[in-house]
Amino acid sequence: DGGITQSPKYLFRKEGQNVTLSCEQNLNHDAMYWYRQDPGQGLRLIYYSQIVNDFQKGDIAEGYSVSREKKESFPLTVTSAQKNPTAFYLCASSKGVTSGRGNEQFFGPGTRLTVL
Amino acid sequence: RKEVEQDPGPFNVPEGATVAFNCTYSNSASQSFFWYRQDCRKEPKLLMSVYSSGNEDGRFTAQLNRASQYISLLIRDSKLSDSATYLCVVLSNTGNQFYFGTGTSLTVIP
């Protein structure tokens, strides 16, 4: 089955610890994204990557880091510098910079991170 | 000004009703437009893309008005299973960022 997987589904972390969220896709998409969603709010962009070994900060990148060493993988690290990390984290992918049809974005099932 | 704005609702409608959602966007050069559906505590799922000529998929009709910079979604003959939050999404003119509305909540009542 083609799609996007995220793991784990639920994650608990103590304050002061770094944690890495996994995101893998087998859709052969060039672009990958990380969003954060807080209760009752919209999606906010953390980081995005249009191509391997390149990524850009989104609106709320502070306290987060990413890498894009493989086309299929775009892990997100939530560092201890992130002041309020408890949220629902969503990874997405799309074909990338392209015009016309077929440039939709598809999401993984998400990871719920709770800081204790 | 937000890139994408939606009426948050909530919309509470009886089964069988027709309901319409609107969304406005700020960048006239935006490239592509979409409606997503998000169920409680789940990821957003693509409902339909919105094409310039308007498009229909069963009970759902999407329209784009570039001159007025708004997108609409019409749901006919509402079902209980249509209850969800509907997200309006716009792809930037550079093609590398998606902008999301905060979503419109719909509850279909028996």
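The structure presented is a predicted model; accordingly, all values stated were derived computationally and were not measured. (Residues numbered from 1 in each chain as written. Chains lettered and ligands numbered in written order. Predicted model: local features only at pLDDT ≥ 70, side-chain atom pairs only at ≥ 80, totals over all residues. Heavy atoms only, no water.)

Participant: So what exactly am I meant to see when it comes to the state of the cysteines here?
Facilitator: Disulfides are covalent bonds that connect the sulfur atoms of two cysteines. Counting across every chain of the model gives 2 disulfides over all chains. A sulfur-sulfur separation of 1.9 Å characterises the disulfide bridge that pairs C23 of chain A with C91 of chain A. Here the disulfide of C23 of chain A and C91 of chain A is left-handed, its torsion about the S-S bond being about -75°. Here C23 of chain A, found in strand 3 (residues 19-25), pairs with C91 of chain A, found in strand 9 (residues 87-94); they are 68 residues apart in sequence, far enough to count as distant. With a sulfur-sulfur separation of 1.9 Å, C23 of chain B is cross-linked through a disulfide to C88 of chain B. Taking the sign of the S-S torsion, about -75° here, the bridge from C23 of chain B to C88 of chain B comes out left-handed. Highlighted residues: C23 of chain B in strand 3 (residues 19-25) and C88 of chain B in strand 9 (residues 84-91), separated in sequence by 65 residues. (Disulfide = S-S within 2.5 Å. Helix = DSSP H or I, 4+ residues; strand = E, 2+ residues; numbered from the N terminus.)

Participant: I tried to follow a nonpolar patch on the surface on my own but got confused; where do I start?
Facilitator: On the surface, Y10, F12 and L116 of chain A cluster together into a nonpolar patch covering about 380 Å² of accessible area. Tracing the backbone shows F12 of chain A in strand 2 (residues 10-13). (Patch = residues over 30% accessible without salt bridge, like charges linked within 9 Å, V, L, I, M, F, W, Y side chains within 5 Å. Areas by Shrake-Rupley, 256 points an atom, 1.4 Å probe, with all protein chains shown as cover. Salt bridge = Lys/Arg side-chain N within 4 Å of Asp/Glu carboxyl O.)

Participant: Just to check I follow, could you spell out the packing of aromatic side chains for this structure?
Facilitator: Ring pairs (aromatic) are described by centroid distance and by the angle formed between their planes. Counted according to the given criterion, the structure contains 15 aromatic pairs over all chains. Geometrically, the ring pair formed by Y33 of chain A and Y48 of chain A is stacked, given 6.2 Å between the ring centres and 20° between the ring planes. Linking Y33 of chain A in strand 4 (residues 31-37) with Y48 of chain A in strand 5 (residues 43-51), this pair joins segments that are 15 residues apart in sequence. Residue Y48 of chain A is classed as buried on the basis of its relative accessible area of 7%. Taking 5.4 Å as the distance between ring centres and 35° as the angle between the ring planes, the aromatic pair formed by F21 of chain B and Y86 of chain B counts as tilted. Separated by 65 residues along the polypeptide, F21 of chain B in strand 3 and Y86 of chain B in strand 9 bring together distant segments of the chain. As far as burial versus exposure is concerned, F21 of chain B and Y86 of chain B are alike and both buried. Three or more aromatic residues link up through ring pairs in this structure, and these residues are Y33, Y35, Y48 and F107 of chain A together with F34, Y36, F98 and F100 of chain B. When the ring centre of F74 of chain A is taken as reference, the NZ or CZ atom of R68 of chain A above it lies at 6.0 Å. One cation-aromatic arrangement involves R112 of chain A over F88 of chain A; the distance from NZ or CZ to the ring centre is 4.0 Å. (Phe/Tyr/Trp six-rings, centres within 6.5 Å; stacked < 30°, edge-to-face > 60°. Buried < 20%, exposed > 50% of the residue type's maximum accessible area, 1.4 Å probe, protein only. Lys NZ or Arg CZ within 6 Å of the ring centre and 35° of its normal.)

None of the figures reported here should be taken as evidence of function without further support.
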